[in-house]
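For reference, the chains in residue letters:
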Amino acid sequence: MDHFNWDDLRFFLALARDGQLSGAARALGTSHVTVARRIERLEEGLGQRLFERSARGYGLTPAGRRLIAQAEKMEEASALVSPDEARDPGLSGVLRMAVPEGFGAFFSDRLLGRFLTRFPGLTLDLITLTQVLSLSRREADVTVTLDPVQRGGWQSEKLCDYALSLYGAPALLDEKGLPERAADLSALPFVGYIEEMLITPALDYLDELRPGLRPVFRSASIFNQAVAAQRGLGLAVLPCYVARTTPGLVPVLSDQIRLRRSYWLTAHRDHIGTRRLRLVRSWLMSELAAHQPELL
């Protein structure tokens, strides 16, 4: 600890958030050589390796993941004495957010421009989830999930609700006949998710509609399912906000079939209270509250 310098934590956070020396250097207004030197000095002062170097860049070691929570708390404390929020390092660098496919499309269409205006110092990495992301390896700073996560140090807060319904192409309904009740659905083809690859039981819609329904086409992508339904290959359970933007789909049994699901904002308990995530979380919840009627 003799050579430990608190200021080196700024360089540590920048590299942890970007994963590349060049990106961290740009965020700090310095050179990649300086960033590398500061990281080496910090690791030497702490007597711990904080990053694993690879061809993909710099990834946090277990010691680095433990340190980042404390470093972000110190960053937050320093921001309280900064008169210029634009220079707040907590509002700069890379923020990595992992989201379900449908939510990602909605965010990009409705909220992305407003996000970039509100947080001009942040570079947003938006990761689309069709499979499970490793929370333990900190592959994202914050994740939008379909179920709350309250284990392993993670914490979830409800963002909003959204509605789903059953949709199909008019040509398919003309050919097969319009069902009048759920019992009639067994005579119609369906598209859906691959059961073995479901990231959550909340996506198992077909058994909820009528036990025994089996899809003729399965995909991990909600948009592939929407296109298949649009082409008349089968009925699909889709978020209403996705179906509205897919031409050629009509609701089926809309007076009888209406599912409701929720989106949750999930982050590590050590990080979710930091000023950086607190500001993003507050903004996101406010924006989604304004769009709640559309999502339902």
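The rules behind these values
- Residues numbered from 1 in each chain as written.
- Predicted model: local features only at pLDDT ≥ 70, side-chain atom pairs only at ≥ 80, totals over all residues.
- Heavy atoms only, no water.
- UniProt positions renumbered as here; feature names shortened; annotations may be inferred.
- Helix = DSSP H or I, 4+ residues; strand = E, 2+ residues; numbered from the N terminus.
- Contact = heavy atoms within 4.5 Å.
- Areas by Shrake-Rupley, 256 points an atom, 1.4 Å probe, with all protein chains shown as cover.
- Buried < 20%, exposed > 50% of the residue type's maximum accessible area, 1.4 Å probe, protein only.
- Pairing = 2+ DSSP bridges.
- Phe/Tyr/Trp six-rings, centres within 6.5 Å; stacked < 30°, edge-to-face > 60°.
- Polar contact = N/O pair within 3.5 Å; in protein donor to acceptor, adjacent residues only side chain to side chain.
- Expected span 1.5 Å × (residues − 1).
- 1 Å grid on protein atoms, 1.4 Å probe; cavity = no way out; pocket = protein on both sides within 12 Å on 5 of 7 lines; lining within 4 Å.
- Points joined across faces, edges and corners; volume = space filled by probe spheres on them.
- Nonpolar A, V, L, I, M, F, W, Y, C, P; charged D, E, K, R; others polar.
- Axes fitted to C-alpha atoms, helices over the stretch in contact; angles between N-to-C directions.
- Parallel < 35°, antiparallel > 145°, perpendicular 65-115°, else oblique.
- Left-handed = near helix turned anticlockwise from the far one by under 90°.

Under an unreviewed UniProt entry, the name given to the chain is LysR family transcriptional regulator, and the source organism is Falsigemmobacter faecalis. Recorded in UniProt under Sequence similarities (unreviewed entry), the annotation for the chain is "Belongs to the LysR transcriptional regulatory family."

Student: Whenever I open this one, the overall build of the chain confuses me. Can you help?
Tutor: When helices and strands are tallied, the chain shows twelve helices and eleven strands. Of all intrachain contacts in the chain linking residues separated by at least 6 positions in sequence, the fraction that spans at least 24 positions is 75%. Summed over its atoms, the accessible surface of the chain is roughly 14,500 Å², and 50% of this surface lies on carbon and sulfur atoms.

Student: I keep staring at the pairing of strand β3 (residues 93–100) and nothing clicks. Help me out?
Tutor: Regular strands place side chains that alternate from one sheet face to the opposite one. Most of β3 sits inside the fold, with seven of its eight residues counted as buried. With eight bridges connecting them, β3 and strand β4 (residues 122–129) associate as parallel partners. In the strand pairing of β4, P100 is matched with L129. Across two bridges, the pairing between β3 and strand β5 (residues 142–145) is parallel. Considered in β5, the bridge of M97 is made with V142.

Student: Before we go on, may I ask you to explain unusual backbone geometry in this structure?
Tutor: Leave glycine aside and you will find that most residues have negative phi; peptide bonds, for their part, are mostly trans. Of note in this structure, L253 is not a glycine but carries a positive phi near 55°. Its place among the elements puts L253 in the loop between β10 (250–252) and β11 (259–268).

Student: Where do I start with the packing of aromatic side chains in this structure?
Tutor: We describe a pair of aromatic rings using the distance from one ring centre to the other and the angle between the two ring planes. The full count for this structure, using the stated rule, is twelve aromatic pairs. Between F115 and F119, the aromatic rings sit 5.0 Å apart at their centres with planes inclined by 50°, giving tilted as the arrangement. An aromatic cluster is present here, built from F103, F106, F107, F115, F119, Y162, Y241, Y263 and W283 joined pairwise through their rings.

Student: Before we go on, may I ask you to explain the side chain of T34 in this structure?
Tutor: Residue position: T34 is located in helix α3 (residues 32–46). In this structure the side chain of T34 is engaged in a polar contact, spanning 3.0 Å, whose partner is the side chain of S31.

Student: Even after reading the chapter, I still don't get α3, so can you show me in this structure?
Tutor: Each α-helix turn comprises 3.6 residues. Residues three or four places apart therefore point the same way. The end-to-end C-alpha separation of α3 is 21 Å, in line with the 21 Å expected for 15 residues at 1.5 Å each. Within α3 the residues assigned to the buried category are T34, V35, A36, R38, I39, L42, E43 and G45. Downstream of α3 by a residue or two, G47 has a phi angle that is positive, lying close to 70°.

Student: What should I look at first to understand empty space enclosed by the protein in this one?
Tutor: Regions of empty space are outlined by a rolling probe, equal in size to a water molecule, passed over the atoms. Within this structure, the stated rule accounts for five cavities of 30 Å³ or more. Counted as a void, the largest cavity has a volume near 210 Å³. Together, 18 residues line the largest cavity, and P100, E101, L146, Y193 and L203 are the ones closest to its centre. Partitioning the lining of the largest cavity into residue classes produces 15 nonpolar, two polar and one charged. In this structure, the second largest cavity occupies an estimated 140 Å³ of space. Residue assignment for the lining of the second largest cavity shows that the elements contributing at least two residues are β7 (191–192) and α7 (205–209). Of the residues assigned to the lining of the second largest cavity, the class counts are nine nonpolar, two polar and four charged.

Student: Would you mind going over the environment of T61 with me for this structure?
Tutor: Summarising the element assignment, T61 is placed in the loop between β2 (57–60) and α4 (62–79). When its relative accessible area of 5% is taken as the criterion, T61 is described as buried. When the C-alpha atoms of T61 and Q48 are compared, they prove to be 9.4 Å apart, with 13 residues separating the residues in sequence. Apart from residues no more than four positions distant in its own chain, T61 is found in contact with R49, L50, F51 and E52.

Student: Mind showing me how you'd approach the environment of W283 here?
Tutor: The topology assignment puts W283 in helix α11 (residues 275–290). For W283, a relative accessible area of 11% gives the class buried. Sequence spacing of W283 and F115 is 168 residues, and the spatial spacing of their C-alpha atoms is 8.3 Å. Excluding residues within four positions of it along the chain, W283 makes contact with F107, L111, R114, F115, R118 and F119.

Student: I'm lost on the packing of helix α1 (residues 8–18) against helix α2 (residues 21–28) in this one. Help?
Tutor: Helix packing geometry: the angle between the two helix axes and the distance between the axes. For the pair α1 and α2, interaxial distance at closest approach is 8 Å and the crossing angle is 125°. With respect to each other, α1 and α2 are oriented oblique. Judged by the sense of rotation from one axis to the other, the crossing of α1 with α2 is right-handed. For the pair α1 and α2, the contacting residues are R10, F11, A14, L15 and D18 in the first and L21, G23, A24 and L28 in the second. Split by residue class, the contact of α1 with α2 holds six nonpolar, one polar and two charged.

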